[in-house]
Amino acid sequence: MLYRSSWMTDELDVFRDQFRKFLARDLAPHADKWRAQKMVDRFAWRALGDMGALLPSVPEAYGGLGATFAYDAAILEDIESVVPEVTTGVSVHSAIVAHYILNYGSEEQKLRWLPKMASGEFVGAIAMTEPGTGSDLQGVRTTARKQGNNYVINGQKTFITNGQAADLIIVVARTGGPGAKGLSLIVLETADNEGFRRGRNLDKIGLHASDTSELFFDNAVAPPENLLGAEEGNGFVQLMQQLPQERLSLAVGAVASMERAVKLTTDYTRERQAFGKPIIEFQNTAFKLAERKTEAVIARVFVDWCIERLVAGELDTVTASMAKWWCSEKQVETADECLQLHGGYGYMQEYPISRMFVDARIQKIYGGTNEIMKLLIARSL
């Protein structure tokens, strides 16, 4: 029996059919090049914008489709299934950065930035992590001080997705004293900003097509109207309010990756012969795939339920943390076992499973480490 996600609609079916064809025809052929250059070409962002695949859950007045998060979920699933090199960048741009602006920006900010993000003219990033500050956002040291008619930003960020490509960056900066109440979110436009500098495009073990950067702020300037929210000091609260959607987006990608790994490995084990028969006919192979198929379905059903809750405005941080933790753990385990079933070929980069194996590992770290996820869940007990 074929499973159909509860949030799917006929309209979304039509969109996905055309979108998958577009991904396979227009983007997937460039994947090898993007991995080699450690960055997705700008034309891909424009093409995704033309397809309506960027900012789908943003209102039409600001360039989006006016849809629900179900469209975001479908787009992330399809990208992960067809051209996973693009998944992380699009997720950060569409499901995270755009919604900070949508939820906390002024009308002028929304009209200024969101249409350009929806078209792919602008690429968005969010700068949280610092060399000495990861999951503990209250330890942020980057400062944004009022000087004359501007905020002057000083500090350093690292591990920033879309850092090389970004035209606008939401900077988590300290506008007040120590602790959570001293943080604010300020949007920095990168063009012609003399105090802003991009550092290295970091050399990661996986996600090779996703640019991940160091960023440096040395008296970088942002006008006061680039503050997100009516007043300073709300940054930490804003970050906490958006975490459920961010973490669910990671879980959505994890499920799509699990399903793809199982399918690729099932196809491979049907074709690969050992001792005179396809290796899927060996009980160990069949049982391993049976286990992983079952876990992928369990993950799918749980994530679908979480998507329903998010669309209804009812997804809480604890449940989103459960989805992020469990699905990313199972994604890593699935990639590992599926690689094993490929034998030596699984260790060759020409086989997708090898890339899925290294790409999966970061899922347990970014968006809040899985140890932090379990801490949040434990606090609710």
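Each chain carries its own residue numbering, running from 1 in the written order of its sequence. pLDDT decides what is reported in this predicted model: residues at 70 or higher carry local features, side-chain atom pairs at 80 or more are listed and counted, and totals for whole chains, interfaces and linings draw on all residues regardless. Side-chain measures were taken over the full set of non-hydrogen atoms in the model, leaving aside hydrogen atoms and water.

Visitor: Honestly, the packing of aromatic side chains in this entry has me stumped. Any pointers?
Guide: Between two aromatic rings, the relevant description is the distance of the centres plus the angle of the planes. Within 6.5 Å between ring centres, the rings of Phe, Tyr and Trp (the latter by its six-membered ring) count as paired, and their orientation is classed by plane angle as stacked under 30 degrees, edge-to-face over 60, tilted in between. This model, assessed by the stated rule, comprises ten aromatic pairs. Taken together, a centroid distance of 5.6 Å and an interplanar angle of 15 degrees make the contact between Phe15 and Phe19 stacked. Taken as a pair, Phe15 and Phe19 lie in helix α1 (residues 10-27) at a separation of four residues, close to a single helical turn. Both rings, one in Tyr100 and one in Tyr104, keep their centres 6.2 Å apart while their planes meet at 45 degrees; by these two values the pair is tilted. Of this pair, Tyr100 and Tyr104 both sit in helix α5 (residues 87-104), four residues apart, which is roughly one turn of that helix. The exposure classification of Tyr100 matches that of Tyr104, with both residues buried. Elements are defined by DSSP. Helices are runs of H or I of four residues or more, strands are runs of E of two residues or more, and each kind is numbered from the N terminus. The buried label applies to any residue whose accessible area, calculated with a 1.4 Å probe on protein chains only, is under 20% of its type's maximum; exposed applies above 50%, and partly exposed to all values in between.

Visitor: What's the story with the pattern of salt bridges in this structure? I'm lost.
Guide: Opposite charge on two side chains makes pairing possible when the charged atoms of those side chains draw close. A pairing counts as a salt bridge when a side-chain nitrogen of Lys or Arg comes within 4 Å of a carboxyl oxygen of Asp or Glu. Applying the stated criterion across every chain, the model contains 29 salt bridges. The partner of Arg200 in a salt bridge is Glu214, with the nearest N and O atoms 3.1 Å apart. Of this pair, Arg200 sits in strand β6 (residues 196-201) while Glu214 is found in strand β7 (residues 212-222), placing the two residues 14 residues apart along the sequence. Note that Glu337 is salt-bridged to Arg292, the shortest N-O span being 3.1 Å. Of the two residues, Glu337 sits in helix α9 (residues 317-341) while Arg292 sits in helix α8 (residues 283-311), which places them 45 residues apart along the sequence. When its relative accessible area of 19% is taken as the criterion, Glu337 is described as buried. Each of Arg16, Arg20, Glu77, Asp78, Glu259, Arg300 and Asp304 takes part in salt bridges that share partners, so that together they form one network.

Visitor: I would appreciate a short explanation of the pairing of β7 in the present structure.
Guide: Successive residues of a regular strand alternate their side chains across the two faces of the sheet. The buried fraction of β7 is high, at eight of eleven residues. Direction of pairing for strand β3 (residues 150-161) relative to β7: antiparallel, over a ladder of nine bridges. Along β7, the bridge assignment pairs Gln156 with Phe216. Where β6 and β7 come together, four bridges link them in antiparallel fashion. When the sheet's bridge partners are listed, Asn201 is paired in β7 with Ser213. When DSSP locates at least two bridges between a pair of strands, those strands are taken to pair.

Visitor: What should I look at first to understand a nonpolar patch on the surface in this one?
Guide: Note on patches: the residues involved have over 30% relative accessible area and no salt bridge, like charges join within 9 Å, and the nonpolar side chains Val, Leu, Ile, Met, Phe, Trp and Tyr join within 5 Å. In these tables, accessible area is a Shrake-Rupley quantity obtained with a 1.4 Å probe, and a residue counts as shielded only by the protein chains included in the view. Side chains of Tyr3, Val297 and Val301 sit close together on the surface and give an oily, nonpolar patch of about 240 Å² of accessible area. Considering the arrangement of structural elements, one finds Tyr3 in the segment before α1.

Visitor: What's the story with the side chain of Ser354 in this structure? I'm lost.
Guide: With respect to the secondary-structure elements, Ser354 resides in helix α10 (residues 352-360). Overall, the relative accessible area of 8% leaves Ser354 in the buried class. Nitrogen and oxygen atoms within 3.5 Å of one another constitute a polar contact, given that in protein one can donate a hydrogen and the other can accept it, and given that sequence-neighbouring residues count only through two side-chain atoms. Polar contacts involving the side chain of Ser354 include one to the main-chain carbonyl oxygen of Tyr351, which spans 2.8 Å. Residues count as neighbours in contact if any of their non-hydrogen atoms are within 4.5 Å of one another. Setting aside its immediate chain neighbours within four residues, Ser354 contacts Leu339, Gly346, Tyr347, Met348 and Gln349.

Visitor: What is the right way to read the nonpolar core from this model?
Guide: In a soluble, globular protein the nonpolar side chains are often hidden away together inside. Throughout this description, the term nonpolar core refers to a set of buried Ala, Val, Leu, Ile, Met, Phe, Trp, Tyr and Cys residues connected via side-chain atoms within 4.5 Å. Counting residues in each nonpolar core, the largest one holds 78 residues, and the members touching the most others are Leu48, Tyr100 and Leu248. With nine residues, α5 is the single largest residue contributor to this core. Here Leu248 is in contact with Phe69, Val303, Cys306, Ile307, Leu310 and Leu315, once residues within four sequence places are set aside. Core analysis: the next-biggest nonpolar cluster, separate from the first, contains 18 residues, Ile169, Ala173, Phe196 and Phe217 among them.

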